[in-house]
Amino acid sequence: INSKVKDNDTKIQITFNDVAGLDEIIDELKIIIDFMNNTEKYKRMGAKIPKGILFYGPPGTGKTLLASALAGETNSTFITASGSEFVEKYVGVGASRIRGLFTRAKKSAPSIIFIDEIDAVGSKRNNDNNSEKDQTLNQLLIEMDGFNSNDGIIVIGATNRLDMLDEALLRPGRFDRSIHIGTPNLKARFEILKVHTRNKPLDNSVSLSEFAKKTHGMTGAHLSSICNEAAILAVIRHKQKIGREEFDEAIERVFAGLKKKNPEIL
Ligand code: ATP
């Protein structure tokens, strides 16, 4: 899935089938999908759709995945950028990159611009319009105001820290919707494990619902990595199918990594 996400400016093949455990959030996004697919209908009615949406929550919970699935479902061009790409030493460089991003999006509309780590450009300003960072953020605000929602462009920003963002970004007509994406609960973990074992041969000893119970606190990224590790172990062991031992070991490894990074979490 990852390799499909990373291609810049391409049509995406990821769909909501690849996203698990986020059904309520997908429901909230239905209006956006209808709008992207039927822009004319909304135009005729004089209805405006949000231009910007923020996804916030911990890393690895599927923010990028969901944005790319949204592009896949609406057959939109998916244009990705990371906020840190716009943070530059030389004054004007970040702002000009922001302009370039929106020019590309307009050319290949319908498009979804996804800005990961938007806090890198969007954190609160120092009220010093000469600083490079403030100029970059100002340019982003100008671009958000400049396009018409009927141009077929939606901007999605992702952050782990909603509270750090400059309020100007959150005003109506900019990023006026925020959607929290948290760590998955038991049922969501089970669904995510199902997606990531879809194309893997599993033997009868495997119980995904049991693994879902054992992986409290883990994100989609962790669960995806467990499934992959288990598959690799099965290959190394010359097995025809992946068994419970491989999963148990993979879970142990990912837990060990997690404990090292974040001893207080688990
Ligand atoms: P970051 O804040 O670090 O950018 P993110 O929230 O954007 O993280 P993703 O990059 O979308 O996280 O997730 C990483 C990978 O984890 C995905 O490519 C996918 O394989 C898996 N994953 C995460 N969440 C889910 C989910 N809800 N359903 C299925 N797979 C998921």
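Residues numbered from 1 in each chain as written. Predicted model: local features only at pLDDT ≥ 70, side-chain atom pairs only at ≥ 80, totals over all residues. Heavy atoms only, no water.

- You'll find the protein entered in an unreviewed UniProt entry as ATP-dependent zinc metalloprotease FtsH, with Aceticella autotrophica given as the organism.
- Of the comments in the UniProt record for the protein, the one headed Subunit (unreviewed entry) reads "Homohexamer."
- According to the UniProt record, the Function (unreviewed entry) comment for the protein is "Acts as a processive, ATP-dependent zinc metallopeptidase for both cytoplasmic and membrane proteins. Plays a role in the quality control of integral membrane proteins." (UniProt positions renumbered as here; feature names shortened; annotations may be inferred.)

## As for the packing of aromatic side chains
- Taken as a whole and judged by the stated rule, the model has four aromatic pairs.
- Ring geometry for F102 versus F147: centroids 6.0 Å apart, planes at 35 degrees, classification tilted. In this pair, F102 is assigned in helix α5 (residues 93-107) and F147 in the loop between α7 (132-146) and β5 (153-159), connecting sequence segments 45 residues apart. Of the two residues, F102 and F147, neither departs from the other in class, the shared state being buried.
- On the basis of an interplanar angle of 20 degrees and a centroid distance of 4.8 Å, the ring pair of F211 and F247 is categorised as stacked. (Phe/Tyr/Trp six-rings, centres within 6.5 Å; stacked < 30°, edge-to-face > 60°. Helix = DSSP H or I, 4+ residues; strand = E, 2+ residues; numbered from the N terminus. Buried < 20%, exposed > 50% of the residue type's maximum accessible area, 1.4 Å probe, protein only.)

## A few points about α5
- In this model α5 runs 21 Å from its N-terminal to its C-terminal C-alpha over 15 residues, within 8% of the 21 Å that 1.5 Å per residue would give.
- Taken together, the buried positions of α5 are occupied by G94, A95, I98, L101, F102 and A105. Buried residues along α5 cover an arc of 115 degrees about the axis, so they all sit on one side.
- Structurally, α5 contributes buried residues whose contacts are with β3 (77-82), β4 (111-116), α7 and β5. (Expected span 1.5 Å × (residues − 1). Arc of directions from axis to C-beta. Contact = heavy atoms within 4.5 Å.)

## As for the packing of helix α10 (residues 220-236) against helix α11 (residues 244-261)
- Two elements in contact, α10 and α11, have axes whose closest approach is 8 Å; the angle formed by their N-to-C orientations is 135 degrees. Taken together, α10 and α11 sit at an angle that is classed as oblique. Relative to α11, the crossing made by α10 is right-handed. Along its contact with α10, which presents H222, S225, I226, C227, E229, A230, L233 and A234, the element α11 presents E246, F247, E249, A250, I251, R253, V254 and L258.
- For the contact of α10 with α11, the per-class residue count stands at 10 nonpolar, two polar and four charged. (Axes fitted to C-alpha atoms, helices over the stretch in contact; angles between N-to-C directions. Parallel < 35°, antiparallel > 145°, perpendicular 65-115°, else oblique. Left-handed = near helix turned anticlockwise from the far one by under 90°. Nonpolar A, V, L, I, M, F, W, Y, C, P; charged D, E, K, R; others polar.)

## Re the side chain of T197
- As for its position among the elements, T197 is in helix α8 (residues 186-197).
- With relative accessibility at 6%, the residue T197 sits in the buried group.
- If we skip the residues at most four places from it in the chain, T197 touches L202, L208, C227 and F247.

## Focus: the side chain of D166
- Note on placement: D166 falls in the loop between β5 and β6 (175-180).
- In this structure D166 comes out as buried when scored by relative accessible area, which is 9%.

## Observations regarding the pairing of β5
- Among the seven residues of β5, seven are classified as buried, and the element is accordingly described as predominantly covered.
- Taking every second residue as pointing to the same face, both faces of β5 are buried, with I153, V155, G157 and T159 on one and I154, I156 and A158 on the other.
- Judged from the five bridges that link them, strand β2 (residues 52-56) and β5 form a sheet pairing that is parallel. Looking across to β5, one finds that G52 is bridged to V155. (Pairing = 2+ DSSP bridges.)

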